[in-house]
Amino acid sequence: MNKPERFRPPSVDTVLRSPAGELAIAQHGRAATTGTIRHVIERLRAGGGPTAASAEQVGRMALNRLEEQNRPSQRPVINLTGTVLHTNLGRALLAEEAIEAVVAAMRAPTNLEYEIEAGQRGERDAHVRGLVRELTGAEDAILVNNNASAVLLVLNTLAKDREAIVSRGELIEIGGAFRMPDIMARAGATLREVGTTNRTHLKDYAEAIGPETGLLMKVHTSNYVVQGFTAEVEPAELAKLARQHDLPFVDDLGSGTLIDLSRWGLRREKTVQDALKGGADLVTFSGDKLLGGPQAGIVAGRKDLIAKLAKNPLKRALRLDKLRLAALEATLRLYRDPDRLAQRLPTLRLFTRTAKELHALAERLQPKVAAAIGTDWTVEAIDCASQIGSGALPLETLPSAGLALRPAGKAAGSAVEKLAAAFRAVPVPVIGRIAQGTLVFDLRCLEDEALFVAQLDALKPEPLDALA
């Protein structure tokens, strides 16, 4: 009986001198290439594969492995989920002006904490504070790295070892297991719940106020709506009650917006300006949701209270870096020209795309996608409804259009999941959603039509008969 032939590898040096080996060295360095070639050879020896391989073949295997290892973990995707502010996909896209500001801040030292005119140390929030005051009417503002941090800083500064009074119907939980009671506990504040889940009255707040009260707080239920037999206290009434007892009134807007969205056909959302005019001493809100900027938390309101927040040692731990400050400043400047905001701010531009425009896009793409995935599948242009996302305007949907991809005949239950995986495997992954046995691509967030079409050539769907 003949013994099986053993794998006969080329020498490492021979592989390094091959065209593929030289290309790998040029792109990834000699040390990494040499180690990867040795790894490939050992795997070929142990894998029971071919008994011979040329230096070029081994070099190509090593080059492919190096390219895979060096591919960035965080990379662009095409968002066809139908959720515009998708938390898992990075929320708001930055405006070109914000991107340019970030690149400029990356390439050179900046006056992050330096006053050029005075020639002395400055304060980093000063780059944005004036814009927030101008746009909101607030006396002052302070910046941290997200809205949860803003709430944490406010509570730790104004209600540490004291009580924070909040309606039971506003004890929200948002994504990532962020719960308002937990944030209060971490801040050192004691939660004092008032009212019931669906109804809270002014007298509930009034009866709860005592010597240990640190502040009154209203939390915007931005990611859900309670309907039916409900009652809540208007902010102006809470503000008046707080003033009577010399207490701060804090209005946490969560998403937060600086402009009336109804001018573009969306449901009106309470703005930061509304909250301040309603009597809030401090308003907390996000930079990367409805505002359309980078991840940030903003506190706007009374100058004396902002000064207290700035002295809290937590502020340094929660502060923004120069890149996000640059992006936020550039984003806020766009709000000075509201008439052109929908064209310049990507978030608002995506919100305001018309169903007619999206239907035309779906009709153009339908035959191209159908040709790419083959006759095992049907591809139909459909009506669908996009959502805002990230807990903003939870009942608001936007009339949209998209593509529905379904198996043409009887297929294994995993067929749609396999097709979705094939779209995620193209160079710029395409992320859709699966609903009722259908892969749905909502086209609201697809602005680079050419890129989507170009990638269809790289699509490699499995035949349905292979999944049966």
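Scroll up to find the structure.
The rules behind each value
- Residues numbered from 1 in each chain as written.
- Predicted model: local features only at pLDDT ≥ 70, side-chain atom pairs only at ≥ 80, totals over all residues.
- Heavy atoms only, no water.
- Helix = DSSP H or I, 4+ residues; strand = E, 2+ residues; numbered from the N terminus.
- Buried < 20%, exposed > 50% of the residue type's maximum accessible area, 1.4 Å probe, protein only.
- Contact = heavy atoms within 4.5 Å.
- Areas by Shrake-Rupley, 256 points an atom, 1.4 Å probe, with all protein chains shown as cover.
- Expected span 1.5 Å × (residues − 1).
- Pairing = 2+ DSSP bridges.
- Lys, Arg positive; Asp, Glu negative; His and termini not counted.
- Salt bridge = Lys/Arg side-chain N within 4 Å of Asp/Glu carboxyl O.
- Polar contact = N/O pair within 3.5 Å; in protein donor to acceptor, adjacent residues only side chain to side chain.
- Axes fitted to C-alpha atoms, helices over the stretch in contact; angles between N-to-C directions.
- Parallel < 35°, antiparallel > 145°, perpendicular 65-115°, else oblique.
- Left-handed = near helix turned anticlockwise from the far one by under 90°.
- Arc of directions from axis to C-beta.

**Q** Before we go on, may I ask you to explain the overall build of the protein chain in this structure?
**A** Counting its secondary structure elements, the protein chain contains 20 helices and 17 strands. Considering only C-alpha atoms, the protein chain reaches an extent of 100 × 60 × 50 Å along its principal axes. Looking at the 468 residues of the protein chain, the share that counts as buried comes to 47%. Taking all contacts inside the protein chain whose residues are at least 6 apart in sequence as the whole, residues at least 24 apart take part in 74%. Summing over all exposed atoms, the protein chain offers an accessible surface of approximately 23100 Å²; the carbon and sulfur share of this is 50%.

**Q** What's the story with helix H4 (residues 55-69) in this structure? I'm lost.
**A** Residue pairs three or four apart in sequence face the same way in an α-helix, which turns once every 3.6 residues. With 15 residues, H4 extends 21 Å from end C-alpha to end C-alpha; this agrees with the ideal 21 Å at 1.5 Å per step. Where the residues of H4 are buried, they touch helix H1 (12-17), helix H2 (19-28) and helix H3 (30-46).

**Q** Just to check I follow, could you spell out the environment of Ala415 for this structure?
**A** For Ala415, the location among the structural elements is in helix H18 (residues 415-424). When the C-alpha positions of Ala415 and Leu439 are compared, they lie 10.0 Å apart, and in sequence the two are 24 residues distant.

**Q** Even after reading the chapter, I still don't get unusual backbone geometry, so can you show me in this structure?
**A** Peptide bonds are trans in most cases, and residues, glycine excluded, mostly fall at negative phi. For Arg91, which is not a glycine, the phi torsion comes out positive at approximately 60°. Notably, Gln436 is not glycine yet its phi reads approximately 50°, a positive angle. Note on placement: Gln436 falls in the loop between strand E16 (433-435) and strand E17 (438-442).

**Q** What exactly am I supposed to notice about the pairing of E17 here?
**A** Two faces make up the sheet, and in a regular strand the side chains alternate between them. Summarising burial for E17: five of the five residues are buried, a large majority. Judged by which residues are buried, E17 turns out to be covered on both faces: Thr438, Val440 and Asp442 on one side and Leu439 and Phe441 on the other are all buried. Bridging between E16 and E17 involves three bridges; their strand directions are antiparallel. Paired with Arg433 across the bridge in E17 is Val440. Hairpin connection, E16 to E17: the antiparallel pair is bridged by two residues, and Gln436 has positive phi, about 50°.

**Q** Looking at this structure, I do not really get the side chain of Asp442. What am I missing?
**A** Position of Asp442 among the secondary structure elements: in strand E17. Here Asp442 is buried and forms no salt bridge, its nearest opposite-charge partner Arg433 lying at an N-O distance of 4.2 Å. At 2.9 Å, the side chain of Asp442 forms a polar contact with the side chain of Ser386. Reaching out from Asp442, the side chain makes a polar contact with the side chain of Ser400 at a distance of 2.8 Å. Apart from the residues within four sequence positions on either side, Asp442 is in contact with Asn79, Leu80, Thr81, Gly82, Cys384, Ala385, Ser386, Ser400, Ala401, Gly402 and Arg433.

**Q** Please explain the pattern of salt bridges as it appears in this structure.
**A** Opposite charge on two side chains permits pairing when their charged atoms draw close. On inspection of all chains with the given rule, the structure shows 33 salt bridges. The residue Glu193 makes a salt bridge to Arg168 at a minimum N-O spacing of 2.7 Å. On the criterion of sequence distance, the pair formed by Glu193 in strand E8 (residues 190-194) and Arg168 in the loop between strand E5 (163-167) and strand E6 (173-174) is long-range, its members being 25 residues apart. Here Glu193 falls in the partly exposed class, since its relative accessible area comes to 35%.

**Q** Is there a simple way to think about the sheet that holds strand E4 (residues 140-144) in this case?
**A** Remark on secondary structure: sheet strands pair via backbone hydrogen bonds, oriented parallel or antiparallel. Within the open sheet, the seven strands sit side by side as E4-E12-E11-E10-E9-E5-E8. Their pairing is mixed. Looking at strand neighbours, the two that pair on one side only are E4 and E8, the edges of this open sheet. Ignoring which end each strand starts from, the neighbouring axes of this sheet average 25° apart. Inspection of the sheet shows strand E9 (residues 213-219) paired to strand E10 (residues 249-254) by four bridges, in the parallel sense. In the strand pairing of E10, Val219 is matched with Asp252. The strands touched by helix H6 (residues 126-136) within the sheet are E4 and strand E12 (297-301), with E4 carrying the most contacts at an inclination of about 125°.

**Q** Mind showing me how you'd approach the packing of H2 against H4 here?
**A** The N-to-C vectors of H2 and H4 enclose an angle of 25°; their axes lie 7 Å apart at closest approach. Considering the angle they form, H2 stands roughly parallel to H4. At the point where H2 passes H4, the crossing takes the left-handed sense. Across the interface between the two elements, Pro19, Ala20, Gly21, Leu23, Ala24, Gln27 and His28 from H2 touch Glu56, Gly59, Arg60, Leu63, Leu66 and Glu67 from H4.

**Q** It is not clear to me how H3 should be interpreted in this structure. Could you clarify?
**A** Here H3 is 17 residues long and its end C-alpha atoms lie 24 Å apart, about the 24 Å a rise of 1.5 Å per residue gives. All of the buried residues along H3 are Thr33, Thr34, Thr36, Ile37, Val40, Ile41 and Leu44. Projected down its long axis, H3 shows its buried positions confined to an angular sector of 170°, all on one face. Opposite the packed face of H3, turned more than 90 degrees from it, sit the exposed residues Ala31, Arg43 and Ala46.

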